[in-house]
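Overview (structure and organization)
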Amino acid sequence: MSCYNYETLEEHVGHDVQCVRYGEDNVTVECHTCHVVIVTHERFPEEEVEPRSRKGIGSGECGTHGEYFLDAHDSPCPSCEDER
Ligand SMILES: [Zn+2]
Ligand SMILES: [Zn+2]
């Protein structure tokens, strides 16, 4: 059971509410007075968030291949690199 609206959360006002970590990827807010979980959240594996970070620090423009993502400020176009 978790709290999903005003009424279910208000029940725990003044209770012994604590935020607890379970393992590497789970954090739970629980009420130790009622022994119920109020909110629980899991962290998703890094593989799933990687595509966003793969975009690098910015984007560059190649006359042949168009826009590409930069790993460093002076990164060459990766497609041009492949053709060497
Ligand atoms: Zn409570
Ligand atoms: Zn290129």
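Up top you'll find the structure we're talking about.
A few points on the structure. Every value quoted in this text rests on a predicted model; they were computed, and no experiment measured them.

Helix and strand counts for the protein chain stand at 3 helices and 5 strands. Reading the protein chain from its N terminus to its C terminus gives the helix and strand order α-β-β-β-α-β-β-α. Looking at the protein chain as a whole, 2% of its 84 residues are labelled buried. Look at the contacts in the protein chain between residues 6 or more apart in sequence, and 14% of them connect residues 24 or more apart.

Here we come to the sheet that holds strand β3 (residues 36-42). One open sheet holds the 3 strands; their spatial order is β1-β2-β3, and the pairing between them is antiparallel. Where the open sheet ends on each side, the last strands, each with one partner, are β1 (17-22) and β3. Ignoring which end each strand starts from, the neighbouring axes of this sheet average 20 degrees apart. One ladder, built from 6 bridges, connects β1 with strand β2 (residues 26-31); its direction is antiparallel. Looking at β2, one finds that valine 17 is bridged to cysteine 31.

What follows deals with the pairing of β3. When β2 meets β3, the two strands line up antiparallel, connected through 6 bridges. Across the sheet, residue threonine 28 finds its bridge partner in β3, namely threonine 40. Here β2 folds back onto β3 in antiparallel fashion, the turn holding 4 residues, of which histidine 35 has a positive phi close to 60 degrees.

Take the environment of cysteine 34 next. Here cysteine 34 shows up in the loop between β2 and β3. Note: C-alpha distance between cysteine 34 and valine 17 (17 residues apart in sequence) is 9.2 Å. Those residues in contact with cysteine 34 that sit more than four places away from it in its chain are His12 and His15.

Right, let's talk about unusual backbone geometry for a bit. The backbone of histidine 35 shows a phi angle near 60 degrees, a positive value even though the residue is not glycine. With respect to the helices, strands and loops of the structure, histidine 35 is situated in the loop between β2 and β3.

This part takes up the environment of cysteine 77. Assignment of secondary structure puts cysteine 77 in the loop between β5 (66-70) and α3 (78-83). Of the residues examined, cysteine 77 has 18 C-beta atoms within 10 Å and is grouped as partly exposed. Separated by 12 residues in sequence, cysteine 77 and histidine 65 have C-alpha atoms that sit 7.8 Å apart. Each residue touching cysteine 77, except ones within four places of it in the same chain, is listed here: Gly60, Cys62, His65 and Tyr68.

Parameters and conventions
- Residues numbered from 1 in each chain as written.
- Chains lettered and ligands numbered in written order.
- Predicted model: local features only at pLDDT ≥ 70, side-chain atom pairs only at ≥ 80, totals over all residues.
- Helix = DSSP H or I, 4+ residues; strand = E, 2+ residues; numbered from the N terminus.
- Buried ≥ 20, exposed ≤ 12 C-beta atoms within 10 Å, placed from the backbone.
- Contact = placed C-beta atoms within 7 Å.
- Pairing = 2+ DSSP bridges.
- Axes fitted to C-alpha atoms, helices over the stretch in contact; angles between N-to-C directions.

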